[in-house]
Every structure is written in C-alpha cells, then in structure tokens.
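Observations on the three-dimensional arrangement
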Amino acid sequence: QVQLVESGGGLVQAGGSLRLSCAASGSTFSVNTMGWYRQALGKPRDLVARIWSSGSTNYANSVKGRFTISRDNAKNTVYLQMSSLKPEDTAVYYCWTRISGTSLEYWGQGTQVTVSS
C-alpha cells in the first residue's frame, strides 16, 4: 500500500510563492511517476504537473513558467514550487503517483492553497 502525505499549503497573496511537498512510502519511489493535481471548488480535478522516473516533466499550460516540479529520490519526496501565484491557482492540491509497470494509482489527502487578490 502506497501512502502519500502532502504538506506546505496555506494562504498567500497574489504574486507570492509556496512550495508543496509530498512524502511517499510503501513503494520503490524512484521508478514511479509522480505528479500534482488540483481541484478548485465546483470544478474537476486537473493535472498540474508530472515528473517521470527519468526526470522528464510536463505541465499544464496555465502553470508553465510559474511552477516547477522536482523529486528527491533519496528522500522519497516530490515537490511543487509555485511562484507568481494567482487567485485562480486557489484549489486543493493532490499528490499522485502511478506505480511503474502497472495501472495502479494512489492519491494523497490533499492540501489547500488559497491565493488572495
């Protein structure tokens, strides 16, 4: 069983920065694809960024140039550095993983990010 525990959410003013962290356990972290999704109130859950075991990344167009996903395999942790935050970035952010070689996916409990104007 994989467990994902997010931290780092909070309230920030527009233009500010936050860094989210997600600590993973229960699987071989380094080979798994990791990512961040977000869900604003009344909207579907959407991909924010993903990072593969190779280090390759992809981002939603809305966050390109502002957000950076990274991973530390020694710490079994994935990060999302968010800069130039906008009110429309307000959402619950979820850590996600897909286990290498399978279709198994796991989610964290979510962390609230609120950007005030």
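Computed from a prediction, not measured in an experiment: that's the story for all the values here.

The rules we used
- Residues numbered from 1 in each chain as written.
- Predicted model: local features only at pLDDT ≥ 70, side-chain atom pairs only at ≥ 80, totals over all residues.
- Heavy atoms only, no water.
- Helix = DSSP H or I, 4+ residues; strand = E, 2+ residues; numbered from the N terminus.
- Contact = heavy atoms within 4.5 Å.
- Disulfide = S-S within 2.5 Å.
- Buried < 20%, exposed > 50% of the residue type's maximum accessible area, 1.4 Å probe, protein only.
- Core = buried A, V, L, I, M, F, W, Y, C linked by side-chain atoms within 4.5 Å.
- Pairing = 2+ DSSP bridges.
- Axes fitted to C-alpha atoms, helices over the stretch in contact; angles between N-to-C directions.

**Comments concerning the environment of Gln-109**
Within the secondary structure layout, Gln-109 lies in the loop between strand E10 (105-107) and strand E11 (111-116). Expressed as a C-alpha distance, the spacing of Gln-109 and Val-31, which sit 78 residues apart in the sequence, is 22 Å. Setting aside residues up to four positions removed in sequence, Gln-109 forms contacts with Leu-4, Val-5, Glu-6 and Tyr-94.

**Examining the state of the cysteines**
This model, assessed by the stated rule, comprises one disulfide. In this model Cys-22 forms its disulfide with Cys-95; the gap between the sulfur atoms is 2.1 Å. Its S-S torsion of about -85 degrees marks the bond between Cys-22 and Cys-95 as left-handed, since a negative value means left-handed. Of this pair, Cys-22 sits in strand E3 (residues 18-25) while Cys-95 sits in strand E9 (residues 91-98), placing them 73 residues apart in sequence. Judged by relative accessible area, Cys-22 falls into the buried class, the value being 0%.

**A word on the nonpolar core**
Formed by 28 residues in total, the largest nonpolar core has its most connected members in Trp-36, Val-78, Leu-80, Met-82 and Tyr-93. At the level of secondary structure, the elements contributing two or more residues to this core comprise E3, strand E4 (33-39), strand E5 (45-51), strand E7 (67-72), strand E8 (77-82), E9 and E11. In terms of residue count, the dominant contributor to this core is E3 (four residues).

**A short note on the sheet that holds E8**
Ordered by their spatial adjacency, four strands build an open sheet running E1-E3-E8-E7, and the pairing between neighbours is antiparallel. Each of the sheet's edge strands pairs with one partner strand only, and the pair in question is strand E1 (3-7) and E7. For this sheet the average axis-to-axis angle between neighbouring strands, irrespective of direction, equals 15 degrees. In terms of strand pairing, E1 meets E3 through five bridges, oriented antiparallel. Its bridge partner being in E3, Ser-7 is matched across the sheet by Ser-21.

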